[in-house]
Amino acid sequence: MNRRRASVGGGSRIGRRALFGTAGAAIGSAWLHRLLDAAPAGAAPAAGGTLLVGEGFDIANLDPGRTLDLTSNMINLAVYDTLVTFAGEDLKTPKPRLATSWTVSPDGKTYTFKLRSGVRFESGRELTSEDVKWSFDRLKNIESQAAFLLDGVDNVGAPDPQTVTITLQRPKPSIIPIVSHPSLGVLDRVVVQAQGGDAGADAKTKDHAESFLSSHSAGTGAFRLVSYSPNNEAILARNPSSWRQPHVERVVLKNILEPASQQLQLERGSIDIADTIGHPQADALVSRPGVVVRHSMSATTFYLLMNLDPKIGGPFSNPKVQQAVRYALDYEGLMALAGPGAVRLAGMLTPAFPGALPASEAVKTDRARAKALLKEANLTGARGKLSYVSGWVRFGVQIDPVVQKIQADLATVGIQVELNGMPILAAKQLFRGGNAQFLIWSWAPDYADQDDYLVFLPGRLVGKYAHWTPETSPEARQLAALGAQAETEIDTQKRSALYQRVDHMLAQGPWVPLFVPALPFAFRSAVGGATYNAIWELDLAAITKS
Amino acid sequence: MRLARYVVRRVLLLPVLLVGVSVLSFVLSHLVPADPATAFLGQRAAGDPVVVAAFKHRWGLDRPLPVQYWIYLEGLLHGDMGTSLSTRRPVTVDLRERFPATVELAIGAMVLSVVVGVPLGLFAGVRRRGIAADAARAVSLLGVSTPVFWLGLMAIILFYAELGWAPAPGPLGLEVTPPPTITGLLIPDAVLAGQFGVALDALKHLALPAAVLSTYSLGSLTRLMRSTMIETLTEDYVRTARAKGLPHWSVVVRHAARNAFIPVLTVMGLNFGNLLAGAVVTETVFSWPGLGQYAFEAASSLDFAAIMGVGMLIALTYLVMSLLVDVTYAFIDPRVRIG
C-alpha cells in the first residue's frame, strides 16, 4: 500500500524534516549572505570619501621639525600650513598660504609676512605670529637634520599677532621657497608645549614632543593625523577647524614597498593612486582602462663624481681624464635608460629652477676628442672603480643598467672601469667620507631654490666629498666667490644670470652631469587634481575623487 | 615532579640565554662598518658636524660601546628595550604591535601545513606507490625548493590580479577599521568584539600569505610524515595489530599514525619558530606589518635597539617552543624521560 500522505487541497504534503530543513537553509543562507556582503563593522565612509594611496614610505617620523623625508613632507603638507606654498608641480611662483602677503627690505635682510586672520588650529585656538615664531625657533634650536633650513636666519620676530618678521644675517632670497617647506609648518605651540615641546635655546635636550608629533598632529592644515603605524599605514581625516577644506573626507596612505604590487593594486582598484612606481610599471599601466599615468619632472640631478685627491681619484683626479669621461659617454643611450620625460643636464644646477644651463649647452659625445685628451694626459688605458648602490631604483631610474652603459661607453675610449656595486649604507659611507674614486649619485632638492644646488661648489658639502676646495685652483676660488654672490643677489634676473655663470663653471668641475628623471605615478581615472611636486610629492588636499 | 623540575630549570635558564643573545646581537650589529648617523641623516645633515654630534648624543651613540651595552642591559632589566631609531617609539611598543601580526600569519601557515601535510604524508606512507605517493613527493619537493619571494608574487598576480579571488595584499581592507586590541591578533579580536565582518575580512586577507608561507613547512612535514609512517608500519606492534584482525585503517590511524606523529610534532614546533623568524620575505611581498618586515627595516638602517629587540624576541620564541615541544613529547610518549 502506498504510504503517500494526502494533503489539504489535494497536493502532497511537505514533511516536517523537509520544512525545517528548508527554513533552516533559508535562514542560514540569508545570514551567510549578510555576513559576506555586509560592510565590515567599523568600515569608513563609502568610496568618494576616502582616498587610498599606495606608496613606498620614506618616513623617519612625522615631527615636522625633525624630518625631511618625502612621505613625511607629503603628510605634513596636508596637516600643517606654511607661510607660503607652491601650486601643483610648479616650484617657481610662490603663493600665499598662512601669509597673505610679504615684503622685503631694500637691503634684502628683513622679510615681513602678514598673516591670514581667523585661522584656527585643530584645538580650535586661533593662530598668531607667536605660533610661527615658536615653530621656527623650535626647528632651529633642536638642531635636527632640518635645522639647516633656517641657516642664516638671525631672528624670527612677532611684532604683532598678525605679523611675522624674519631677519637674516645677509640677503638670502631663497628664504621665500624655504618657508614653503613642510618642515616649517606652523605648530600649535600650546598643545605641543603641553606634550613636552620646547623652542628655547636648550631645545636640543629639552624638547620631547617628537613621539607626540609622530602620532598626532597640531596644525591648521586641511587634514588631521588620525593614526600612524610606522612603516605600515597613515590615516588622515578632514580637519573641521581648518580654514581650507579638502575634497575628500579621509586619506589612507599604505606602505607598499613593491612597485609591482602597487601596479596590481591600482589595476584592481584597491588603491586610487600609486605614487612610487617605476618605468616598467608605468609602461604596463598606460594601456589599462580606468588608469591614468603621468610623468612629472623631478628636480633630482643624477651625476658622476670624480675625486680630485690623486691618492683616491687616481687617473680620475686628472682634469683631462675628467673631460675625456664627459666626451666618452653616449648621452642618447643614457637618456633612454633615464626613462620617459627625463631632461638632459648641461650643468649641475637643476632645470626645475631658474638659472640652470639649458640642455642645448650640454656636452656632446665626442669619442675622438676623449681619446685625444687621454693621450695628452698620458693616461690611455686608465683604470678605475665605478661605485654605485647595487639594485638602486631612484625616481624610477634603475641604476644597474646605467652603470653598465657607462662602463661600456668608457671602454670604447680605453678607460676600463670595474663596477663596484655596494649596499646603500656602505655607499653612503664611501661618498660622505670623501673616499669614492668614481661614483654615481643623485641630489634631490631640500627646498625649491637653486641655492640648494650650490652644494657642488668648491668647499661646499658635495664639493668637499670630491676634495674640491677653493684652494684647489684659482678657478675654484673664483667659482666659490661667484656662488656666494649668486645666493645673496636679490635681483631675480641678475641672480639667474649669476647662476648660469656658476653652472657653466660647475660643468667643468669634477662632475659629469647626467640627467633629471621624470617621476612616473599613476591613478584611477576617478581621481582628479593629482600632481607630483619634487619637494612634497602629492598635495592631498587638492585631490578629488568622484 | 621530575617534569616540573625540568621545566623550572629551563625557565630559569631563559634570562641567561637571552642576555647571551643580546650580547651577540649587539656585537654583530656593531661590526657592520657603517654609522647609524649615515643611515638616518640626510645628505646635508650628515655633512654638518653639529647635527651629527647632536644626533649621536641624543641616541647615546657617542658613548663607548661597553657603556652603550651596559645602559641597554640596565634598561632591559626594567623591561625597557630602548627606543627605535626608525620609528622613534619604544621597541617594546613596536614589538607588541608587530609580533601578533607575525604570530597570526605563522599560525595560519602552520594550520595549513599540518591540515594538508600530515594527512598527505600519512596517506603517502600507507600507499607507497600510486597517486598519493607521487603527490606527496611533488608537494614536498616543490614546497622546500620554491622561493617564497617568487611564489608570493606569482600568487598575487594569479589569485588577486587575474582571478580576483584574493583581496589586495595587507592584513585588512584599506577601508576597514581594525577591531579594538585585545589579544593583538586581528581575527580573535574581531570575533571577541562581535565584528564578524571584520573577522571574515581579516581571514580572507590572511589566506593567501599564509598559504605562501606554509609551503616550506608543508613540504617538510609531508616528507617527514611519510617517512615516519613507512618506518612505523614495519614495527612489530603494527604487525601484531594486523594479526589480531583489526581493520586496516584502524591499525593505520590508531596504532601507527599516533606513533609516527611524534617526531613530526617536534619538527612542527621548530617549524613554527622558523615561520616566525622567516616571514620577512612574505611580509614584504604581502605588505604584512609584522616582525619580519620590522626586522628587515631595522637591519637595513642599523637601528641597534630594534635589531636587538627582534633578536631577543625570536630567541625567546625558539626557546619557549623548544621547551613546549620537549614537554609535550614527554606527555605523549611515556618512554621518554626528561629531567
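Bear in mind that the values here come from a model prediction, so they are computed numbers and not experimental data. (Residues numbered from 1 in each chain as written. Chains lettered and ligands numbered in written order. Predicted model: local features only at pLDDT ≥ 70, side-chain atom pairs only at ≥ 80, totals over all residues.)

Draft legend 1. Representation of the overall build of chain B in the model. From N to C terminus, chain B includes 15 helices and zero strands. In terms of principal-axis extent, the alpha carbons of chain B reach across some 85 × 55 × 40 Å. The burial tally for chain B puts 43% of its 339 residues in the buried class. Restricting the contact set of chain B to residue pairs at least 6 apart, pairs at least 24 apart contribute 71%. (Helix = DSSP H or I, 4+ residues; strand = E, 2+ residues; numbered from the N terminus. Buried ≥ 20, exposed ≤ 12 C-beta atoms within 10 Å, placed from the backbone. Contact = placed C-beta atoms within 7 Å.)

Draft legend 2. Summary view of the interface of chain B and chain A. With 45 residues of chain B at the interface, the matching set in chain A holds 45 residues. Within the residue set of the side of chain B that touches chain A, elements represented by two or more residues are α2 (36–40), α3 (43–46), α4 (49–58), α8 (148–162), α10 (196–232), α13 (280–285) and α14 (291–300) of chain B. Counted by class, the side of chain B that touches chain A contains 24 nonpolar, 12 polar and nine charged residues. (Nonpolar A, V, L, I, M, F, W, Y, C, P; charged D, E, K, R; others polar.)

Draft legend 3. Quick peek at helix α11 (residues 236–243) of chain B. For α11 of chain B, the buried fraction is low: zero of the eight residues fall into the buried class. Positive phi shows up at G245 of chain B, right after α11 of chain B, with a value of about 90°.

Draft legend 4. Representation of the pairing of strand β1 (residues 50–55) of chain A within the structure. Residues and elements named next belong to chain A. Counting buried residues along β1, six of its six residues qualify, which places the element largely inside the surrounding structure. Every second residue of β1 is oriented toward a common face, with T50, L52 and G54 on one face and L51, V53 and E55 on the other, all of them buried. Sheet topology note: the β1/strand β11 (residues 273–274) ladder contains two bridges and is parallel. Bridging across to β11, G54 finds its partner in A274. (Pairing = 2+ DSSP bridges.)

Draft legend 5. The arrangement of the domain arrangement of chain A in detail. Residue and element names in this part refer to chain A. For chain A, the domain assignment lists domain 1 (51–296 + 521–545) and domain 2 (301–516). One C-alpha centre belongs to domain 1, the other to domain 2, and the line joining them spans 31 Å. On the domain 2 side, the residues contacting the 20 residues of domain 1 number 18 residues. Looking at the side of domain 1 that touches domain 2, its residues break down into 10 nonpolar, seven polar and three charged. (Domains from an automatic or database assignment.)

Draft legend 6. Quick peek at helix α13 (residues 367–376) of chain A. Residue and element names in this part refer to chain A. What α13 keeps buried is the set A370, L373 and L374. Angular distribution of buried residues about the axis of α13 spans 100°; they occupy a single face of the element. Of the surrounding elements, those touching the buried residues of α13 are α11 (319–328). Positive phi shows up at N378, right after α13, with a value of about 60°. (Arc of directions from axis to C-beta.)

Draft legend 7. Representation of the sheet that holds β1 of chain A. Residues and elements named next belong to chain A. The seven strands lie next to each other as β8-β9-β10-β1-β11-β21-β12, forming an open sheet whose pairing is mixed. Both edges of this open sheet fall to β8 (223–229) and β12 (291–297), since each of them pairs with a single strand only. Pairing analysis gives six bridges linking β1 to strand β10 (residues 250–255), with the strands arranged parallel. For V53, the partnering residue across the bridge sits in β10 and is L253. Relative to β8, helix α2 (residues 70–79) is tilted by about 145°, and along the sheet it contacts β1, β8 and β9 (233–238). (Axes fitted to C-alpha atoms, helices over the stretch in contact; angles between N-to-C directions.)

Draft legend 8. Geometry of the sheet that holds strand β19 (residues 438–443) of chain A. Residue and element names in this part refer to chain A. Pairing within the open sheet is mixed, and its six strands lie in the order β14-β20-β13-β19-β15-β18. The sheet is open, and its two edges are formed by β14 (343–344) and β18 (416–422), each paired on a single side. In this structure, β14 lies alongside strand β20 (residues 511–516), joined through two bridges in antiparallel fashion. Within β20, the position partnered with V343 by the bridge is V516. The strands that helix α14 (residues 399–411) touches are β15 (383–389), β18 and β19; relative to β15, the one it contacts most, it runs at about 165°. Sheet strands in contact with helix α15 (residues 424–432) are β15, β18 and β19, and its direction is about 125° off that of β15.

Draft legend 9. Structural context of the packing of α11 of chain B against helix α12 (residues 248–277) of chain B. All names here are of chain B. Axis separation between α11 and α12 bottoms out at 10 Å; the angle between their running directions is 150°. Between α11 and α12, the interaxial angle falls into the category roughly antiparallel. Relative to α12, the crossing made by α11 is right-handed. Two secondary-structure elements touch here, α11 through Y237, V238, A241 and R242 and α12 through V251, H255 and A256. When the residues that make up the contact of α11 with α12 are grouped by side-chain class, the tally is five nonpolar, one polar and one charged. (Parallel < 35°, antiparallel > 145°, perpendicular 65-115°, else oblique. Left-handed = near helix turned anticlockwise from the far one by under 90°.)

Draft legend 10. Examining the pairing of strand β6 (residues 153–160) of chain A more closely. All names here are of chain A. Relative to strand β7 (residues 163–168), β6 is paired through five bridges, and the arrangement is antiparallel. Bridging from a neighbouring strand, V156 pairs with I166 of β7. Joining the antiparallel neighbours β6 and β7 is a turn of two residues.

Draft legend 11. Structural context of the nonpolar core. Of all hydrophobic cores here, the largest spans 176 residues; its most connected members are A78, L304, L305 and L540 of chain A. With 75 residues, the next largest nonpolar core counts L105, V264, V285 and L291 of chain B among its residues. (Core = buried A, V, L, I, M, F, W, Y, C linked by C-beta atoms within 7 Å.)

Draft legend 12. Inspection of the environment of G88 of chain A at higher detail. Residue and element names in this part refer to chain A. Position of G88 relative to the elements: it lies in the loop between β2 (84–85) and β3 (95–96). Taking the C-alpha atoms as reference, G88 lies 9.8 Å from A534; in sequence the two are 446 residues apart. Each residue touching G88, except ones within four places of it in the same chain, is listed here: T531 and N533.

Draft legend 13. Local environment of the domain arrangement of chain B. Residue and element names in this part refer to chain B. As assigned here, chain B comprises domain 1 (2–77) and domain 2 (91–332). Relative to domain 2, the C-alpha centre of domain 1 lies at a distance of 31 Å. Residue contributions to the side of domain 1 that touches domain 2 peak at 11 residues, all from helix α1 (residues 2–31). Along the lines of polarity and charge, the residues of the side of domain 1 that touches domain 2 split into 12 nonpolar, three polar and one charged.

Draft legend 14. Representation of the environment of F296 of chain B. All names here are of chain B. In this fold, F296 is placed in helix α14. Considered as a pair, F296 and G117 are 179 residues apart in the sequence and their alpha carbons are 29 Å apart. Residues within four places of F296 in sequence aside, it is in contact with V280 and T284.

Draft legend 15. Broad picture of the confidence of the model for chain A. Residue and element names in this part refer to chain A. Of the residues in chain A, 91% reach a pLDDT of 70 or more, and the chain-wide mean stands at 90. The low-confidence segment residues 1–14 (pLDDT under 50) makes five contacts with residues lying over four places distant or belonging to another chain. In the predicted structure, residues 18–48 sits below a pLDDT of 50 and forms 30 contacts with residues beyond four places in sequence or in another chain. (pLDDT = per-residue confidence, 0-100.)

Draft legend 16. Structural context of the packing of helix α7 (residues 131–145) of chain B against α10 of chain B. Residue and element names in this part refer to chain B. Their axes nearest at 7 Å, the elements α7 and α10 cross at an angle of 140°. In terms of their interaxial angle, α7 and α10 are classed as oblique. Here α7 runs over α10; the crossing is left-handed. Contact residues: A136, V139, S140, L141, L142, G143 and V144 in α7; T215, Y216, L218, G219, S220, T222, R223 and R226 in α10. Among the residues making up the contact of α7 with α10, the classes are represented as seven nonpolar, six polar and two charged.

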